[in-house]
Amino acid sequence: MPEGDTVLRTARRLHHALAGQVLTRSDLRVPRFATADLTGRAVLDVIPRGKHLLARVEGGLTLHSHLRMDGAWLIYGPDERWRGGPTHQIRAVLANTAHTAVGYRLPVLELLRTADEDKAVGHLGPDLLGPDWDAGTALRNLLADPARPLGQALLDQRNLAGIGNVYKAELCFLARATPWLPIGDLPAATAALLVSTAHQLLEANRDRPVRITTTGAKPRIITGAHRRTAPGQMSRAGRPRENLWVYGRTRRPCLRCGTPIRTAEQDTRPAYWCPRCQSGPTP
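Here is a short report on the structure shown in this document. The structure presented is a predicted model; accordingly, all values stated were derived computationally and were not measured.

About the thresholds
- Residues numbered from 1 in each chain as written.
- Predicted model: local features only at pLDDT ≥ 70, side-chain atom pairs only at ≥ 80, totals over all residues.
- Heavy atoms only, no water.
- Disulfide = S-S within 2.5 Å.
- Axes fitted to C-alpha atoms, helices over the stretch in contact; angles between N-to-C directions.
- Helix = DSSP H or I, 4+ residues; strand = E, 2+ residues; numbered from the N terminus.
- Parallel < 35°, antiparallel > 145°, perpendicular 65-115°, else oblique.
- Left-handed = near helix turned anticlockwise from the far one by under 90°.
- Contact = heavy atoms within 4.5 Å.
- Buried < 20%, exposed > 50% of the residue type's maximum accessible area, 1.4 Å probe, protein only.
- Pairing = 2+ DSSP bridges.

1. A short note on the state of the cysteines
Part 1 of the argument: One pass over the full model with this rule turns up 0 disulfides.
Part 2 of the argument: C257 provides the cysteine sulfur closest to C277, a residue in no disulfide bond, and the two sulfurs are 3.7 Å apart.

Right, dumping it as structure tokens:
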């Protein structure tokens, strides 16, 4: 699933292509909004909210979408062939004279009043990449249920918005805790560092690639001459890049200690951990 940094980059591309321009074509291919027509209205802006996308349109309307696992917004020129998938997978088309934005396989697509955006995103915790980011609130949210497994707490967008399965795996590794460790068992300093590190990682990856590394027990971010592919990006062969500590590295040696990385299911998603570097319960 695209995570907060990826969604932010998608929002930027959509904003660049659509904002300030009048729509010459509008096609929402979901039954509830199939008759809605935004043609003739200008797109005001496109912003991310956690993993959600909000495209605001003249007249007090917002097109809300979520990519989840397979969704994508792709931008094409006027005469460019659409290549995002078969026609039946298209859920939305927004076009102006210069660009066409095509939404493929969007599991969430709804048109709502801009004044009612909170109905779609008001449940979210502080956005790691948003103007509302508040580390203290995020930490309090995470620790509100001390018995909850760390991996579950990190993925709950009501606690803090933007973390997906890749960052969950990497953050657990940097905290030296398995995803099943009750979050209340983390030392207070480690829990606070986990929140600040999550913010640092998404901030770094929204613009440029980085490598995650550690010095002793404390995680740090290496940029500049040492930076490599961003967490979550894949090689052309579909394999995770070497800069990921544990995500996608099942049975491969841990980059810190050489122990084979293990994986198991947590809430229907794969969870990755190093049995030597990370302490806590496991399945």
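2. Notes on the packing of helix 3 (residues 135-143) against helix 6 (residues 188-205)
Part 1 of the argument: Relative to each other, helix 3 and helix 6 sit at 125 degrees, their axes nearing to 10 Å. It follows that helix 3 is oblique to helix 6 by the angle criterion. Remark: the crossing between helix 3 and helix 6 carries right-handed chirality. Seen from helix 3, the contacting residues are A135, A138, L139, L142 and L143; seen from helix 6, they are A191, A192 and V195.

3. Digging into the environment of P131
Part 1 of the argument: Along the chain, P131 turns up in the loop between helix 2 (118-121) and helix 3.
Part 2 of the argument: Residue P131 is classed as exposed on the basis of its relative accessible area of 93%.

4. Description of the environment of A204
Part 1 of the argument: Structurally, A204 is set in helix 6.
Part 2 of the argument: The class of A204 is buried, set by a relative accessible area of 6%.
Part 3 of the argument: In this structure, the C-alpha to C-alpha distance between A204 and D5, residues 199 residues apart in sequence, is 8.8 Å.

5. Considerations on the sheet that holds strand 7 (residues 100-104)
Strand pairing in a sheet relies on backbone hydrogen bonds, with the paired strands running either antiparallel or parallel.
Part 1 of the argument: Spatially, 1-6-7-5 is the arrangement adopted by the 4 strands of the open sheet, whose pairing is antiparallel. Unpaired on one side and paired on the other, strand 1 (25-28) and strand 5 (72-76) mark the two borders of the sheet. On average, each strand axis in the sheet is inclined to that of its neighbour by 15 degrees, with strand direction left out of account.
Part 2 of the argument: Across 4 bridges, strand 1 lies against strand 6 (residues 90-95) in antiparallel orientation. Residue pairing in the sheet places R25 in a bridge with A95 of strand 6.
Part 3 of the argument: Across the sheet, helix 1 (residues 4-18) touches strand 5, strand 6 and strand 7, and the angle it forms with strand 5 is around 35 degrees.

Taken by themselves, the reported measurements are silent on function.
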